[in-house]
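Close look at the chain arrangement
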Amino acid sequence: MIDGPYLWLTVLGVLGTGLVAGVFYGFSTFVMRGLAALPPAQGVAAMNAINVTAVMPAFMILFVGSAVLCAVIGVVTFVLWPGDGKVELLLGSVLYLVGCFGVTMVWNVPRNDALLRLDPGTAEAAAYWPTYVREWTFWNHVRMVASAGSAVAYVLAIT
């Protein structure tokens, strides 16, 4: 069984990845649906405002802090924990780092940047909006599942 500081690292990993999964769940289940129901100019303007606000400390500490924590857990697991829970800890770290953080950087952020470059009231923004919503939401589902899977893997490691 994991104990001491390793246990606390893992508990923090469960909390961080679980909270991130919850944020993404909220976006996938009602925020994006609500934005998609708006006229394109309003949806684009609202999403751009959300994307600017998302990079503020409140969310970034949780999102990036969880990535750092998962990296630490992965390295410590690989180097120091040869016993029970090793597979689950490594899986949890990989799920978050690749499936959540990596997907965000490769798929969601470029779409956010492309949307931010558009003037919400233009025909170009209106044409891009349905594609943005569909693709961004799909990748958000991926990172939600990866974050939740990471939390579950960490829980399994400490049980």
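Scope of this entry: the structure provided in the associated data block. Please read these numbers as outputs of a predicted model, since none were measured by experiment.

Concerning the nonpolar core
Core analysis: the biggest nonpolar cluster contains 19 residues, and F24, F63, L89 and Y96 have the highest contact counts within it. When contributions to this core are tallied by element, the ones reaching two or more residues are α1 (4-37), α3 (57-80), α4 (86-116) and α5 (123-158). Top contributing element to this core by residue count: α3, with 7 residues.

Brief notes about the packing of α1 against α3
Two elements in contact, α1 and α3, have axes whose closest approach is 9 Å; the angle formed by their N-to-C orientations is 140°. When the interaxial angle is binned, α1 and α3 end up oblique. Crossing angle aside, the handedness with which α1 passes α3 is left-handed. Contacts between α1 and α3 involve Y6, L9, T10, L12, G13, G16, T17, L19, V20, V23 and F24 from the first element and F59, L62, F63, S66, L69, C70, V72, I73, V76 and L80 from the second. When its residues are assigned to classes, the contact of α1 with α3 shows 16 nonpolar, 5 polar and no charged.

Here's the deal with the packing of aromatic side chains
Aromatic ring pairs are defined here through the distance separating the ring centres and the angle between the ring planes. One pass over the full model with this rule turns up 11 aromatic pairs. When the centroid spacing of 5.5 Å and the interplanar angle of 15° are considered together, the rings of F59 and F63 count as stacked. Residue F59 and its partner F63 are located together in helix α3, separated by 4 residues, close to a single helical turn. Of the two residues, F59 and F63, both sit in the buried class. Grouped by ring-pair contacts, the aromatic residues F24, F59, F63, Y96 and F101 constitute a single cluster. Cation over ring: R143 sits above F24, and NZ or CZ is 3.9 Å from the ring centre.

Points about the packing of α1 against helix α2 (residues 40-54)
Helix-helix packing is described using two parameters, namely the angle between the two axes and the distance between the axes. Packing of α1 against α2 leaves a shortest axis separation of 9 Å and a crossing angle of 135°. Judged by the inter-axis angle, α1 sits oblique to α2. Contacts between α1 and α2 involve F27, V31, M32 and L35 from the first element and G43, A46, M47 and I50 from the second. By residue class, the composition of the contact of α1 with α2 is 7 nonpolar, 1 polar and no charged.

Notes on the layout of surface pockets
Approximately 420 Å³ is the volume attributed to the largest pocket. Lining the largest pocket we find 22 residues, and of these N51, A54, V55, F59 and N112 sit closest to its centre. Counting residues per element, the ones that place at least two in the lining of the largest pocket are α1, α2, α3, α4 and α5. Tallying contributions element by element places α4 first for the lining of the largest pocket, with 7 residues. Looking at the lining of the largest pocket residue by residue, the classes come out as 15 nonpolar, 5 polar and 2 charged.

Criteria and thresholds
- Residues numbered from 1 in each chain as written.
- Predicted model: local features only at pLDDT ≥ 70, side-chain atom pairs only at ≥ 80, totals over all residues.
- Heavy atoms only, no water.
- Core = buried A, V, L, I, M, F, W, Y, C linked by side-chain atoms within 4.5 Å.
- Buried < 20%, exposed > 50% of the residue type's maximum accessible area, 1.4 Å probe, protein only.
- Helix = DSSP H or I, 4+ residues; strand = E, 2+ residues; numbered from the N terminus.
- Axes fitted to C-alpha atoms, helices over the stretch in contact; angles between N-to-C directions.
- Parallel < 35°, antiparallel > 145°, perpendicular 65-115°, else oblique.
- Left-handed = near helix turned anticlockwise from the far one by under 90°.
- Contact = heavy atoms within 4.5 Å.
- Nonpolar A, V, L, I, M, F, W, Y, C, P; charged D, E, K, R; others polar.
- Phe/Tyr/Trp six-rings, centres within 6.5 Å; stacked < 30°, edge-to-face > 60°.
- Lys NZ or Arg CZ within 6 Å of the ring centre and 35° of its normal.
- 1 Å grid on protein atoms, 1.4 Å probe; cavity = no way out; pocket = protein on both sides within 12 Å on 5 of 7 lines; lining within 4 Å.
- Points joined across faces, edges and corners; volume = space filled by probe spheres on them.

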